[in-house]
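This is what each chain is made of:
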Amino acid sequence: MSKNTYRMTGIFAMIISVFLLMGGLYLPQAGISKVITTSCIISGLLFLIVGIVFYKILKTD
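Attention here is on the structure that accompanies the text. Sequence order sets the numbering: in each chain, residues are counted from 1 along the sequence as written. In keeping with the predicted nature of the model, local features appear solely for residues at pLDDT of at least 70, side-chain atom pairs appear and are counted solely at 80 or more, and the whole-chain, interface and lining totals rest on all residues. Side-chain metrics in this entry use all non-hydrogen atoms of the structure; hydrogen atoms and water are not considered.

Looking now at the overall build of the chain. Only DSSP runs of H or I reaching four residues or more are called helices, and only runs of E reaching two or more are called strands; each is numbered from the N terminus. When helices and strands are counted, the chain shows two helices and zero strands. As defined in this context, the radius of gyration uses C-alpha atoms, and a globule is described by 2.2 Å times the residue total to the power 0.38. Here the C-alpha atoms of the chain give a radius of gyration of 14 Å, more than 25% beyond the 10 Å that 2.2 N^0.38 yields for 61 residues. By its C-alpha atoms, the chain is 50 × 15 × 15 Å across when sized along the principal axes. Any two residues whose heavy atoms approach within 4.5 Å at even a single point are treated as in contact. The contacts in the chain between residues at least 6 apart in sequence include a share of 70% that link residues at least 24 apart. When the accessible area of the chain is evaluated, it comes to approximately 4,500 Å², of which 74% is carbon and sulfur surface. A 1.4 Å probe and the Shrake-Rupley method give the accessible areas. Residues count as covered only by the protein chains that appear here.

Here it is as structure tokens:
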């Protein structure tokens, strides 16, 4: 893949991670179970890590 594809994938993953983290932090106030909020937070952190790896670390010359 080209450098721009890695960057676009990284940015897309970071955007998804923001929404998952916000949902995981604000869903407990709506009465949703702990399993759903925990899975949102964990998947948000994983998407953030993957996004950073794709955006910053994986670069092709």
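Bringing the packing of aromatic side chains into the picture now. For this analysis, a ring pair means two rings from Phe, Tyr or Trp (six-membered ring only for Trp) whose centres lie within 6.5 Å, classed as stacked if their planes differ by under 30 degrees, edge-to-face if by over 60, and tilted for the remaining angles. Counted by the stated rule, this structure contains one aromatic pair. Consider the rings of Tyr-6 and Phe-54, whose centres lie 5.8 Å apart with planes at 50°: the pair is tilted. One end of the pair, Tyr-6, is in helix H1 (residues 3-26); the other, Phe-54, is in helix H2 (residues 34-57), and 48 residues separate them in sequence. Whether a residue is buried, partly exposed or exposed follows from its accessible area with a 1.4 Å probe, protein chains only, as a fraction of its type maximum: under 20%, in between, or over 50%, in that order. Take Phe-54: its relative accessible area is 22%, and that puts it in the partly exposed class. Across from the ring centre of Tyr-55, 5.4 Å away, lies the NZ or CZ of Arg-7, which sits over that ring. Any Lys NZ or Arg CZ that is within 6 Å of a ring centre and within 35 degrees of that ring's normal is treated as a charge sitting over the ring.

Relative to the helices and strands, Lys-3 is located in helix H1. Under the relative-accessibility criterion, Lys-3 is labelled partly exposed at 37%.

Let us look at the packing of H1 against H2. Angles here are taken between N-to-C directions and fall from 0 to 180 degrees, while the axes themselves are lines fitted to C-alpha atoms, restricted in helices to the stretch in contact. The interhelical angle for the contact between H1 and H2, taken along N-to-C directions, is 160°, at an axis separation of 7 Å. Here H2 runs roughly antiparallel to H1, going by the angle between their axes. Both H1 and H2 take part in a crossing whose hand is left-handed. Only Asp, Glu, Lys and Arg are considered charged, only Ala, Val, Leu, Ile, Met, Phe, Trp, Tyr, Cys and Pro nonpolar, and every remaining residue, Gly among them, polar. Within the contact of H1 with H2, the residues separate by chemical class into 16 nonpolar, eight polar and one charged. Just so you know how the angles are binned, under 35 degrees is roughly parallel, over 145 roughly antiparallel, 65 to 115 roughly perpendicular, and the rest oblique. Helix crossings fall into two classes, left-handed where the near helix is turned counterclockwise from the far one by less than a right angle and right-handed where it is turned clockwise.

No statement about biological role is implied by the geometric values presented.
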